[in-house]
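Structure assessment
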Amino acid sequence: MANFFEDNPSLLFQLDHPLMQRIVELKENHFSGENREAYAPQDYADALENYRQVLGIVGEICGDVLAANAERVDAEGPTVVDGRVHYHPGTQQNHDALAQAGLYGMSLPREFGGLNFPMVPYVMAAELVSRADGGFANIWGLQDCAETINEFASDEQRRQYLPLANQGKTFAMGLTEPDAGSDLQAVMLKAHYDEKRGTWLLNGVKRFITNGDADVSLVMARSEEGTTDARGISLFLYDNKKTDCVRVRRIEHKMGIIGSPTCELVFKDAPAELVGERKLGLIKYVMSLMNGARLGVAAQSVGIAEAATREAEKYANEREQFGKLIKNIPAVREMLVMMRAKTDAIRALLYETTRYVDIYKSLLHIQRERTLTKEERNELKEYTRLAEMFTPLAKLFGSEFCNQVTYDAVQVHGGTGYMRDFPVERLYRDARITNIYEGTSQLQVVAAIRSVMTGQLTQRLTFFAQQVKGEAFAAEAKLLAALTEELTQSIEQVQKAENPNYIDFHARRLVEIGGFIAIAYLLILDSERCTCEKNCFEQSARRFVRYAEVQVRERVMLINSITLEAYLADYDVETPEA
Ligand SMILES: Cc1cc2nc3c(=O)[nH]c(=O)nc-3n(C[C@H](O)[C@H](O)[C@H](O)COP(=O)(O)OP(=O)(O)OC[C@H]3O[C@@H](n4cnc5c(N)ncnc54)[C@H](O)[C@@H]3O)c2cc1C
């Protein structure tokens, strides 16, 4: 049967990246320490072999169980009975298969039943699960909440709640409310401390909560009466199985990811525990939780794009028109090769970002146990900055390309693609959410624009340029250097207008210019590193550079054409609508 890890050499290639040595060293505390668990890896090679074996198991379950259930789960979906969610039997089977194989709590420390996996193999598992079933990936991926508990909760809470992940208990993240979507500062679900009962109580409504009836929920609530901004919000932990104070009013009827129940929840005097310090809920803890979840959506996007690309390749290899296979018609071939290039592109960006996240997260954990050396402090600073810069790019490009790839996958199938008989119709619907939740694409731009305007992203592009070694890509490298120069000029041009609305107006174009160039470099670097005979990434790299050139130039032209004056006359939000 299909093994989604073994049939995709790109994953092993990313797992073998040179930075993995440092990542594993940090995660395993240099393979030393007094309290090392007997089953901890002995060295780097041992750790890598362990990741490969576990990912092989994930790949097998994905191919044999999750992918096999995906269609009927999508057709029938979950139900709500008496305010409680019932998973579709296929979803339950997926969950049980992964739980029995110990594949929940993958990144948690071993002392809590976890596998102590770095983010790279964990995110890789998320990609595999998403390729099999993008909807189920949400239920599995909410184990991210346990990572937040590990980072910020008290020792007692960690001891109590973290082992639950490995036992297959489920998680949810309750942030959104009817009047608080992109603007989470507007959260109004109320938390007050009941002196008599000696506990916090939650009251109010949450909307659009994935897996809202999970065993354990992290809930953002307003703990400071009379406040209206982020400083009045704290994070709480609600144990669903201890009480019955949160009812599922309904689950949404959605376009896609149907197996994943999206709940409207009513909290009525629901007892909850404070996580960390009051008032840091949104400012610190949820930002960290959301950054993890954004990486998860980026992985979901790569998984769905991989599935769609494969479906299209398979169909084009079988379908004949005008006396030939449609894959041999240039217009179809172009769609196919660009789907592959875009999927390779977002995978390269995803794992580059994940490596940054891995290093800073491990250093943060080490910092809790001992003082970091000066070099380690610098490393922490550098990788935190890179992770903050690249996480919104990975989410933005991952989700937008995933949408484009699934759109083209339907197109390659022609009328058949519009029917429910083939998986691409589901993949197309599942893809549509990826650029909406965990912050819409517009909000990813808001998160990324600062590093573009301050020139930090350009610096990283220059660093990438210095890594390109061989002659094979000399022409592409020259072109990318010229495009980087155009980015610098565009930034200056927008900046000198000194009009915040004008900067917001061009923000997406500027972020995307930087992103296209960054991805093009990453594909070239992957191609240079690849030693296999057919060089898996060379064609994608060359095709993507050409594509990026056009995309960048189009955006530069628009920035040049819509000057401040043109903006004020035709687009400004202050200008009345005609
Ligand atoms: C299927 C599904 C599952 C979800 N799961 C969860 C979950 O588990 N937990 C949870 O807490 N939430 C969840 N959500 C909520 C999700 O994160 C929000 O829907 C999303 O953040 C957008 O918020 P909104 O829907 O209120 O849109 P709005 O915030 O109303 O946005 C409307 C439009 O305005 C744009 N916009 C808003 N502000 C800005 C700005 N400052 N700059 C530029 N553009 C802007 C947006 O990009 C969008 O185009 C889920 C949503 C869905 C649909």
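Residues numbered from 1 in each chain as written. Predicted model: local features only at pLDDT ≥ 70, side-chain atom pairs only at ≥ 80, totals over all residues. Heavy atoms only, no water.

Turning next to the overall build of the protein chain. Within the protein chain, the regular secondary structure consists of 18 helices and 11 strands. By the compact-globule yardstick of 25 Å for 578 residues, the protein chain fits well, its C-alpha radius of gyration being 24 Å. Its C-alpha atoms give the protein chain principal-axis dimensions of roughly 70 × 60 × 55 Å. Of all 578 residues assigned to the protein chain, the portion counted as buried reaches 59%. Relative to all contacts within the protein chain whose residues are 6 or more apart in sequence, the contacts with residues 24 or more apart total 76%. Accessible surface computed for the protein chain: about 24800 Å², of which carbon and sulfur atoms make up 51%. Side-chain charges of the protein chain comprise 65 positive and 82 negative groups, with the mean position of each set lying 1 Å from the other. (Helix = DSSP H or I, 4+ residues; strand = E, 2+ residues; numbered from the N terminus. Rg over C-alpha atoms; globule rule 2.2 N^0.38 Å. Buried < 20%, exposed > 50% of the residue type's maximum accessible area, 1.4 Å probe, protein only. Contact = heavy atoms within 4.5 Å. Areas by Shrake-Rupley, 256 points an atom, 1.4 Å probe, with all protein chains shown as cover. Lys, Arg positive; Asp, Glu negative; His and termini not counted. Charge placed at Lys NZ, Arg CZ, Asp CG, Glu CD.)

In this section: the site of the ligand. What surrounds the ligand is a group of 18 residues, the closest being Thr176, Ser182, Phe208, Thr210 and Thr440. Within the backbone of Met173, one N or O atom sits 2.8 Å away from a nitrogen atom of the ligand. Between Gln442 and the ligand, the recorded distance is 2.9 Å, taken from a side-chain N or O atom to an oxygen atom. Protein chains bury 65% of the 980 Å² of accessible surface belonging to the ligand in isolation. Elements with a minimum of two residues in the shell around the ligand: β5 (199-210) and α13 (441-453). Here the shell around the ligand gets 3 residues from one element, more than from any other, and that element is β5. (Near = heavy atom within 4 Å. Polar contact = N/O pair within 3.5 Å; in protein donor to acceptor, adjacent residues only side chain to side chain.)

Counting 154 residues, the largest nonpolar core has Trp140, Leu202, Phe390 and Phe544 as its most contacted members. With 18 residues, the top contributor of residues to this core is helix α10 (residues 330-369). Leave out the neighbours within four places in its chain, and Trp140 touches Leu98, Leu103, Tyr104, Met106, Tyr122, Ala125, Ala126 and Val129. Residues Phe171, Met220, Leu237 and Leu289 belong to the second largest nonpolar core, which totals 31 residues. (Core = buried A, V, L, I, M, F, W, Y, C linked by side-chain atoms within 4.5 Å.)

Summarising the element assignment, Arg159 is placed in helix α8 (residues 155-166). The exposure class assigned to Arg159 is exposed, which follows from its relative accessible area of 54%. Between the C-alpha atoms of Arg159 and Cys536, which are 377 residues apart in sequence, the distance is 45 Å.

Moving on, we get to the pattern of salt bridges. Opposite charge on two side chains makes pairing possible when the charged atoms of those side chains draw close. Under the definition given, this model contains 42 salt bridges. Close ionic contact of Asp7 with Arg131 constitutes a salt bridge, the shortest N to O distance being 2.9 Å. You can see Asp7 sitting in the segment before α1 (9-15) and its partner Arg131 sitting in helix α5 (residues 119-132), a full 124 residues away along the chain. With a shortest N-O distance of 3.9 Å, Asp344 and Arg347 are connected by a salt bridge. (Salt bridge = Lys/Arg side-chain N within 4 Å of Asp/Glu carboxyl O.)

Assigned domains of the protein chain: these are domain 1 (1-141), domain 2 (171-279), domain 3 (280-439) and domain 4 (460-570). A separation of 28 Å is found between the C-alpha centroids of domain 2 and domain 3. At the interface, 20 residues of domain 2 touch 15 residues of domain 3. Together domain 2 and domain 3 conceal approximately 1400 Å² of surface at their shared face, both sides included; 76% is due to carbon and sulfur atoms. On the domain 2 side of the contact with domain 3, Met173, Met255 and Ile257 bury the most area, a combined 38% of that side's loss. Applying the counting rule to domain 2 against domain 3 returns 0 salt bridges. At the junction of domain 2 and domain 3, the tally comes to 5 residue pairs in polar contact (both at pLDDT 80 or more). Secondary structure elements with two or more residues in the side of domain 2 that touches domain 3: β6 (216-222) and β7 (233-239). Element by element, the count of residues in the side of domain 2 that touches domain 3 is highest for β7, at 3 residues. Broken down by class, the residue content of the side of domain 2 that touches domain 3 amounts to 12 nonpolar, 4 polar and 4 charged. (Domains from an automatic or database assignment. Buried area = accessible area lost by both parts, 1.4 Å probe. Nonpolar A, V, L, I, M, F, W, Y, C, P; charged D, E, K, R; others polar.)

Take the packing of helix α7 (residues 144-152) against α8 next. The packing of two helices is summarised by the inter-axis angle and the distance between the axes. Running from amino to carboxyl end, α7 crosses α8 at an angle of 155°, the nearest separation of the two axes being 10 Å. Classified by the angle between their axes, α7 and α8 sit roughly antiparallel to one another. By crossing handedness, the relation of α7 to α8 is classed as left-handed. Residues Ala146, Ile149 and Asn150 of α7 form the contact with α8, whose participating residues are Arg158, Tyr161, Leu162 and Ala165. (Axes fitted to C-alpha atoms, helices over the stretch in contact; angles between N-to-C directions. Parallel < 35°, antiparallel > 145°, perpendicular 65-115°, else oblique. Left-handed = near helix turned anticlockwise from the far one by under 90°.)

Let us now look at the packing of helix α3 (residues 44-76) against helix α4 (residues 89-100). Packing of α3 against α4 brings their axes to within 8 Å, and their N-to-C directions diverge by 165°. The angle between α3 and α4 falls in the class roughly antiparallel. Once α3 is placed against α4, the crossing between them reads as left-handed. Within the contact between the two elements, α3 uses Ile61, Val65, Leu66, Asn69, Arg72 and Val73 and α4 uses Pro89, Gly90, Thr91, Gln93, Asn94, Ala97 and Leu98. Classifying every residue of the contact of α3 with α4 gives 7 nonpolar, 5 polar and 1 charged.

As for its placement among the helices and strands, Cys536 is situated in the loop between α16 (500-529) and α17 (538-561). Sequence spacing of Cys536 and Arg52 is 484 residues, and the spatial spacing of their C-alpha atoms is 20 Å. In this view, Cys536 contacts Asp344 and Cys530; residues no more than four positions away in its chain are not counted.

Taken as a whole, this structure holds 24 aromatic pairs when the rule is applied. Judged by centre distance (4.9 Å) and plane angle (70°), the rings of Tyr51 and Phe117 are edge-to-face. Of the two residues, Tyr51 is situated in helix α3 and Phe117 in the loop between α4 and α5; the sequence distance between them amounts to 66 residues. The exposure classification of Tyr51 matches that of Phe117, with both residues buried. Relative to Tyr567, the ring of Phe505 has its centre 5.0 Å away and its plane inclined at 45°; by these criteria the two rings are tilted. (Phe/Tyr/Trp six-rings, centres within 6.5 Å; stacked < 30°, edge-to-face > 60°.)

All right, on to unusual backbone geometry then. Positive phi values are uncommon outside glycine, yet Asn116 reaches one of about 55°. Take Asn116: it is sitting in the loop between α4 and α5. Judged by its relative accessible area of 11%, Asn116 is buried. One non-glycine residue, Glu438, lies in the positive phi region at around 55°. When you line up the elements, Glu438 lands in the loop between α12 (423-431) and α13. Classification of Glu438 as buried rests on a relative accessible area of 17%.

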